[in-house]
Amino acid sequence: QKEVEQNSGPLSVPEGAIASLNCTYSDRGSQSFFWYRQYSGKSPELIMFIYSNGDKEDGRFTAQLNKASQYVSLLIRDSQPSDSATYLCAVSSWDSNYQLIWGAGTKLIIKP
Amino acid sequence: DGGITQSPKYLFRKEGQNVTLSCEQNLNHDAMYWYRQDPGQGLRLIYYSQIVNDFQKGDIAEGYSVSREKKESFPLTVTSAQKNPTAFYLCASSGPSRGQFFGPGTRLTVL
């Protein structure tokens, strides 16, 4: 059974600090890694994807991938109250026909 | 504007009734998906389709049916066999990048 694990939270971070969200996955053959943001009552929105080991930066967001340790993380710098949401991690591999395996999400609260 | 539309936004179902949720995309994506999300829970895959006239069951297909007669459209029917259908239903599509893009969702409530 392929699994993606996330701490459900809530993770509370002061405004302006760095929020660090983590995700571990069980399938060593995983190739593509995605972070989605979901506001309460809304649909998920793709914010980052990463395919290679290392870091990928986009504005205030950085995705980090470590395939040897089978984890992927999302860093949010200069956290804003508008970053308060649930963050979903999703993973895919060629042998699952690139279906996404989803984590249950981490609820992030940015405190003003 | 390219995107995915779902209708209706809210839907109410009576006991024993079948209802159909609409999903349309103009992103020219081959693959389309239906998910169910219960309060405080993650996404569970109901059905997916990678090409017109073909679809596969996901993890929780019982009580649901789909069709894929056009590339742009992937409607989901919630049948009376689905005993606990109250949930948030999300349609998504994906292209070559493999990331999935979601519609705004339909919130279904059983009366």
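Model, not experiment: these values are computed from the prediction.

**Overview of the interface of chain B and chain A**
Taken together, the contact between chain B and chain A spans 20 residues of the former and 17 residues of the latter. Run the count over chain B and chain A and you get four residue pairs in polar contact (both at pLDDT 80 or more). Of all the secondary structure elements, the ones that give two or more residues to the side of chain B that touches chain A are strand E4 (31-37), strand E5 (43-51), strand E9 (87-94) and strand E10 (100-102) of chain B. Here the side of chain B that touches chain A gets four residues from one element, more than from any other, and that element is E5 of chain B. When the residues that make up the side of chain B that touches chain A are grouped by side-chain class, the tally is 10 nonpolar, eight polar and two charged.

**Some details on the side chain of Ser-94 of chain B**
Residues and elements named next belong to chain B. Among the secondary structure elements, Ser-94 is positioned in strand E9. Look at Ser-94 and you get buried, because its relative accessible area is 6%. A polar contact of 2.9 Å, which involves the side chain of Ser-94, links it to the side chain of Tyr-33. Beyond its immediate chain neighbours, meaning those up to four positions away, Ser-94 contacts His-29, Asp-30, Ala-31, Tyr-33, Gly-99 and Gln-100.

**Quick notes on the state of the cysteines**
Tallied over the full model, the rule gives two disulfides over all chains. What pairs with Cys-23 of chain A in a disulfide is Cys-89 of chain A, and their sulfur atoms sit 2.1 Å apart. Where Cys-23 of chain A bonds to Cys-89 of chain A through sulfur, the torsion about that S-S bond is close to -75°, and the disulfide is left-handed. Taken together, the residues span a long stretch of sequence, with Cys-23 of chain A in strand E3 (residues 19-25) and Cys-89 of chain A in strand E9 (residues 85-92) at a distance of 66 residues. Accessibility expressed as a relative area gives 1% for Cys-23 of chain A, which makes it buried. With its sulfur 1.9 Å from that of its partner, Cys-23 of chain B forms a disulfide with Cys-91 of chain B. Looking along the S-S bond of the Cys-23 of chain B-Cys-91 of chain B disulfide, the torsion reads about -75°, which is the left-handed sense. Here Cys-91 of chain B lies in strand E9 and Cys-23 of chain B lies in strand E3 (residues 19-25), a separation of 68 residues in the sequence. Side by side, Cys-23 of chain B and Cys-91 of chain B carry an identical accessibility label, which is buried.

The rules behind these values
- In this numbering scheme, every chain counts its residues from 1 along its sequence in written order.
- Just so you know, chain letters begin at A and ligand numbers begin at 1, following the order they were written in.
- pLDDT decides what is reported in this predicted model: residues at 70 or higher carry local features, side-chain atom pairs at 80 or more are listed and counted, and totals for whole chains, interfaces and linings draw on all residues regardless.
- Just so you know, side-chain values use all the structure's heavy atoms and leave hydrogens and water out.
- Whether two residues touch is decided by their heavy atoms; if any such pair falls within 4.5 Å, the residues are in contact.
- In protein, a polar contact requires one atom able to donate a hydrogen and another able to accept it; more generally it is a pair of N or O atoms within 3.5 Å, and residues adjacent in sequence count only if both atoms are side-chain atoms.
- Counting from the N terminus, the helices are the DSSP runs of H or I reaching at least four residues and the strands are the DSSP runs of E reaching at least two.
- Just so you know the grouping, Ala, Val, Leu, Ile, Met, Phe, Trp, Tyr, Cys and Pro go in nonpolar, Asp, Glu, Lys and Arg go in charged, and all remaining residues, Gly too, go in polar.
- Only protein chains enter the calculation, and the probe is 1.4 Å; a residue is then buried if its accessible area is under 20% of its type maximum, exposed if over 50%, and partly exposed in between.
- The rule for a disulfide is simple: a pair of cysteine sulfur atoms within 2.5 Å.

Note that every value here comes from positions in space, so none of it alone points to a role or purpose.
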